Amino acid sequence: MEEKTGGSPGPKTGLKETIRLFFSRAPLLGWFFGALLAVALEQWVGYDLSDLLGLPKIPVLFGCVLALKKPAMLPGALGYVLAIYILPVTIVARLTAPWANRIAARLFDLPRWVCVMVYLLFFYAILHIWADISAYRELTLKLTLIAVLLTLSLNIINGYMGEFSCSHPGFMAIGAYVASTVSVYFFVDDKLFGTAVFSGVPGWLVFPVALFVGGVAASISALVVAIPSFKTRGDYLAIISLAFMFIVKSAIENLEVVGGSRGLGNQPDWANLFTVFAWTAAGIWVINNFVTSTMGKALNAVRDDEIAASAMTVNTRRVKIIAFLFSAFWAGVAGGLFAHVIRYVNPGTFGIQKLAEVLAMVYFGGLNSVYGSIVGALSLSVLGEVLRPLELFKWIIIPLALILVMIYRPRGLVAFKEFKVENLVRPRGKR
Amino acid sequence: MALLEIENMTHYFGGLRAVHNYGLALDPGQIRGLIGPNGAGKTTIFNLITGIYQPSEGSLLMDGKSISGLQPHEIASRGMCRTFQNLRLWRHMTVLEHVMMARHSKIGYGLVGAFFGSSRRHREEAAIERKARDILEVAEIDHLADKMVADLPYGAQRRVEMARALSAEPKILFLDEPTAGMNPEELIRMMEIIRLVHKDLGIAIFLIEHRLKMVMELCEMIQTLVFGEVIAEGTPDEIQNNPMVIDAYLGKEIID
């Protein structure tokens, strides 16, 4: 019919197109094999190689931090990244493509959830081995995963529903404090709350409960914003939600029971990488389920034309309130995870800075898109860590990147793209 | 008994009386027209019936039950769906999604199903999609199912609106200038679709239209509205020969 559109634009396809074709036959599984080899390689020869290249230790975030701190190390860092990551990943992905495709096809025939589970576990294994190198890596990874969850939850409101909410740091704070209170009060001997009510209960059993309670608390508090602001449409939500964020912050500052502005610490060490990964994956799964159902697409209808939506049997107010509570729930869960990763929270964390951060992630990554949220949260949190050595200049470069994205892709990097697991896990190369 | 019965409906915009003592008795399966010069209040009447505005006075009964004070989505769920004069489509959604969305109130899988993707949800979504595709076929836009509405030509967008309204399974379909901006060819196809909806699906139709020829051809009964008041009601023949209607459209001859 028509010529294939999209992909790399223009006629100067030559090299780019060749490379794209070269790798288009490799399924996700093939890339996973490559990544697995890369992280394993790092474990085996990482130290020796970085010694050889004159690096002080294994570059933590792909050599960027190192190269920025000591520009003389740049060639060494580049060589390391090339030898450990880029070459093994691409070569293995390409070489294993034929039989990776065969395995992928076999997996694709299994019930979908089994297939997805296998992929997720594989992916987790790669991340785990990668993060095993240093505690800093693990922490960065955990915080990035939490940022993904938080960004996605805000995208429900600002992207899918097209309203502008500023209250997510508030929900996160409520989730963090409630989840922390539950876990500290009931399960830990602590100066603030005294001895634990229950002791000797395994963390993996009660941590989900604490997080869930935190999420529900955030969700209930969201009603305070939702009920007055969804009577009409317009800027009310932005203003009310901003006020809500400040109210929550100063309320916690004045609440001596949970430590006031000194903060609340001593959270049990329950949020290991696996837990954070599992909750983030679950959050993405549930949110994606919701926004791809006809019920969830009502959000898009409300955004694009509310009168038309209500004339087509959509109870717009109910839809908006549900979406808002749902979004607040995940923000609360992200807050609970955050508190247990850092193992200390104070109200100052959940201020305007956090808001700017998460809004930037949403708009940078792309509205109305799960991919967008993942890309936005990942790129901005990694960028934030990588540019750390530049100190003040970091706050020039990141906003500059944001402005450029807003100019060239006003709705974000990957906006309005439906997240389909099928497309990810499908075997490739059947043309 | 009439399917939709309206008595003495009056509406003010501030001090302006937009609709005065409007009355209507629409029978099941009837096809009716509402004509009048620009600014006569035709679209306001649609907005009043479908709940977008609340009438200042008057009673609205559907199937003998009062519908005044209900929200637009409640009225739509009771079987009164409409199209809009200035298309109100959802920019970022595909044609198929539009038609599926109109079945929103009929979804039975609930929030839990939506969150966790229960098998009931998959069954229901599949059923909704099947029905939506059937309706797209009726409206002759099944080949456009996966297109974004913003990319479609105007005539096709009008048909998407119509298909979307049909998808909610209305008893009465309100069409606000269904052929506005269409070329003669599109116009003929639209008239065929309206006839088909009326005859085969047995849906009552109430339409606003400026092309008098089309209204005369399609409708069983016609009301003429001038400055918010019905000045004439009758069959196409009666309306065509009513001197007041002719006056309203052509103006009075001044004889000194």
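Residues numbered from 1 in each chain as written. Chains lettered and ligands numbered in written order. Predicted model: local features only at pLDDT ≥ 70, side-chain atom pairs only at ≥ 80, totals over all residues.

Novice: Sorry, what's going on with the overall build of chain A here?
Specialist: Counting secondary structure elements, chain A contains 18 helices and 2 strands. For chain A, the C-alpha radius of gyration of 23 Å lies close to 22 Å, the compact-globule estimate for 431 residues. Referenced to the eigenvectors of the C-alpha coordinate spread, the extents of chain A come out at roughly 60 × 55 × 45 Å. Scored against the burial criterion, the 431 residues of chain A give a buried share of 43%. In chain A, once contacts between residues fewer than 6 apart in sequence are set aside, the share between residues at least 24 apart is 77%. (Helix = DSSP H or I, 4+ residues; strand = E, 2+ residues; numbered from the N terminus. Rg over C-alpha atoms; globule rule 2.2 N^0.38 Å. Buried ≥ 20, exposed ≤ 12 C-beta atoms within 10 Å, placed from the backbone. Contact = placed C-beta atoms within 7 Å.)

Novice: Quick question: what am I supposed to make of the domain arrangement of chain A here?
Specialist: When the parts of a complex come together, some accessible area is lost, and that lost area is often used as the size of the interface. Residues and elements named next belong to chain A. Partitioning chain A into structural domains gives domain 1 (14-110) and domain 2 (135-423). The straight-line distance from the C-alpha centre of domain 1 to that of domain 2 is 31 Å. In this complex, domain 1 contributes 6 residues to the contact, which on the side of domain 2 involves 8 residues. By residue class, the composition of the side of domain 1 that touches domain 2 is 5 nonpolar, no polar and 1 charged. (Domains from an automatic or database assignment. Nonpolar A, V, L, I, M, F, W, Y, C, P; charged D, E, K, R; others polar.)

Novice: Explain helix 4 (residues 74-95) of chain A to me, please; I cannot follow it from the model alone.
Specialist: Along an α-helix, a turn takes 3.6 residues, which lines up residues three or four apart on a common side. Residue and element names in this part refer to chain A. Its 22 residues place the ends of helix 4 29 Å apart at the C-alpha level, agreeing with the 32 Å of an ideal helix rising 1.5 Å per residue. When the local axis directions of helix 4 are compared, the greatest deviation, roughly 40 degrees, occurs at L82. For helix 4, the set of buried residues is G76, A77, Y80, I84, Y85, P88, V89, V92 and A93. Looking at the buried residues of helix 4, the elements they touch are helix 1 (14-24), helix 2 (28-52), helix 3 (64-69) and helix 5 (97-109). (Expected span 1.5 Å × (residues − 1). Bend = angle between axes of the 7 residues up to and from the residue.)

Novice: In this structure, what is going on with the environment of L152 of chain B? I would like to understand it.
Specialist: All names here are of chain B. Tracing the backbone shows L152 in the loop between helix 5 (119-138) and helix 6 (154-167). Taking the C-beta count within 10 Å as the criterion, L152 has 17 such neighbours and is therefore assigned partly exposed. Linking L152 and V95, residues 57 residues apart in sequence, is a C-alpha distance of 9.4 Å.

Novice: In this structure, what is going on with the pairing of strand 8 (residues 204-208) of chain B? I would like to understand it.
Specialist: All names here are of chain B. Within strand 8, 5 of the 5 residues are buried, which leaves it mostly tucked inside the rest of the structure. Neither face of strand 8 is left uncovered, since the one carrying A204, F206 and I208 and the one carrying I205 and L207 both have all their residues buried. The pairing of strand 3 (residues 31-35) with strand 8 spans 4 bridges and is classified as parallel. Looking at strand 8, one finds that R32 is bridged to F206. Here strand 7 (residues 172-176) pairs with strand 8 via 5 bridges, running parallel. The residue bridging I172 from the neighbouring strand is A204, located in strand 8. Handedness of the crossover joining strand 7 and strand 8 through helix 7 (residues 184-200): right-handed. (Pairing = 2+ DSSP bridges. Right-handed = clockwise from strand over helix to strand, strands pointing away.)

Novice: Quick question: what am I supposed to make of the interface of chain A and chain B here?
Specialist: Residue-level contacts link 25 residues of chain A with 32 residues of chain B. Every element with two or more residues in the side of chain A that touches chain B is listed here: helix 11 (273-292), helix 12 (294-304), helix 13 (306-311) and helix 14 (316-342) of chain A. With 8 residues, the single largest contributor to the side of chain A that touches chain B is helix 12 of chain A. Its residues placed into classes, the side of chain A that touches chain B shows 12 nonpolar, 10 polar and 3 charged.

Novice: Can you help me understand the sheet that holds strand 7 of chain B in this one?
Specialist: Within a beta sheet, neighbouring strands are joined by backbone hydrogen bonds and run either parallel or antiparallel to one another. Residues and elements named next belong to chain B. In space, the 6 strands of this open sheet follow the order 6-7-8-3-9-10, with mixed pairing throughout. Each edge of the open sheet is held by one strand with a lone partner, namely strand 6 (80-82) and strand 10 (229-234). When the angles between neighbouring strand axes are averaged without regard to direction, this sheet yields 20 degrees. Two strands pair when backbone bridges link them, and strand 6 and strand 7 are joined in this way by 3 bridges, in the parallel orientation. Residue pairing in the sheet places R82 in a bridge with F174 of strand 7. (Axes fitted to C-alpha atoms, helices over the stretch in contact; angles between N-to-C directions.)

Novice: Help me out: how do you make sense of the packing of helix 8 (residues 168-187) of chain A against helix 14 of chain A in this one?
Specialist: In a pair of packed helices, the angle between the axes and the distance between the axes together describe the arrangement. Residues and elements named next belong to chain A. The interhelical angle for the contact between helix 8 and helix 14, taken along N-to-C directions, is 55 degrees, at an axis separation of 6 Å. With respect to their mutual orientation, helix 8 and helix 14 come out oblique. Note on packing geometry: the crossing formed by helix 8 with helix 14 is right-handed. Contacts between helix 8 and helix 14 involve H168, F171, M172, A173, I174, G175, A176, A179 and S180 from the former and A328, A331, G332, V333, A334, G335, G336, F338 and A339 from the latter. In the contact of helix 8 with helix 14, the residues fall into 12 nonpolar, 6 polar and no charged. (Parallel < 35°, antiparallel > 145°, perpendicular 65-115°, else oblique. Left-handed = near helix turned anticlockwise from the far one by under 90°.)

Novice: I'm lost on the pairing of strand 1 (residues 4-13) of chain B in this one. Help?
Specialist: Regular strands place side chains that alternate from one sheet face to the opposite one. Residues and elements named next belong to chain B. In terms of strand pairing, strand 1 meets strand 2 (residues 16-26) through 7 bridges, oriented antiparallel. By the bridge assignment for strand 2, E5 is matched with A25. Examined bridge by bridge, strand 1 and strand 4 (residues 57-62) share 5 bridges and lie antiparallel to one another. Bridge pairing links I6 to L60 in strand 4.

Novice: In this structure, what is going on with the sheet that holds strand 2 of chain B? I would like to understand it.
Specialist: Residue and element names in this part refer to chain B. Read from one edge of the open sheet, 4 strands run 2-1-4-5, paired in antiparallel fashion. Every other strand in the sheet has two partners, leaving strand 2 and strand 5 (65-66) as the edge strands with one partner each. Most of the contacts of helix 1 (residues 42-49) go to strand 2, to which it runs at about 65 degrees, and overall it touches strand 1, strand 2 and strand 4.

Novice: Help me out: how do you make sense of the packing of helix 9 (residues 203-229) of chain A against helix 14 of chain A in this one?
Specialist: All names here are of chain A. Where helix 9 meets helix 14, the closest approach of the two axes is 7 Å, and the angle between their N-to-C directions is 140 degrees. If you check the angle between helix 9 and helix 14, you find them oblique. As for how helix 9 packs across helix 14, the hand of that crossing is right-handed. Each of A210, L211, G214, G215, V216, A217, A218, S219, A222, L223 and A226 in helix 9 lies in contact with helix 14, whose residues at this interface are I321, F324, L325, A328, F329, W330, A331, G332, V333, G335, G336 and L337. Its residues assigned to classes, the contact of helix 9 with helix 14 comprises 17 nonpolar, 6 polar and no charged.

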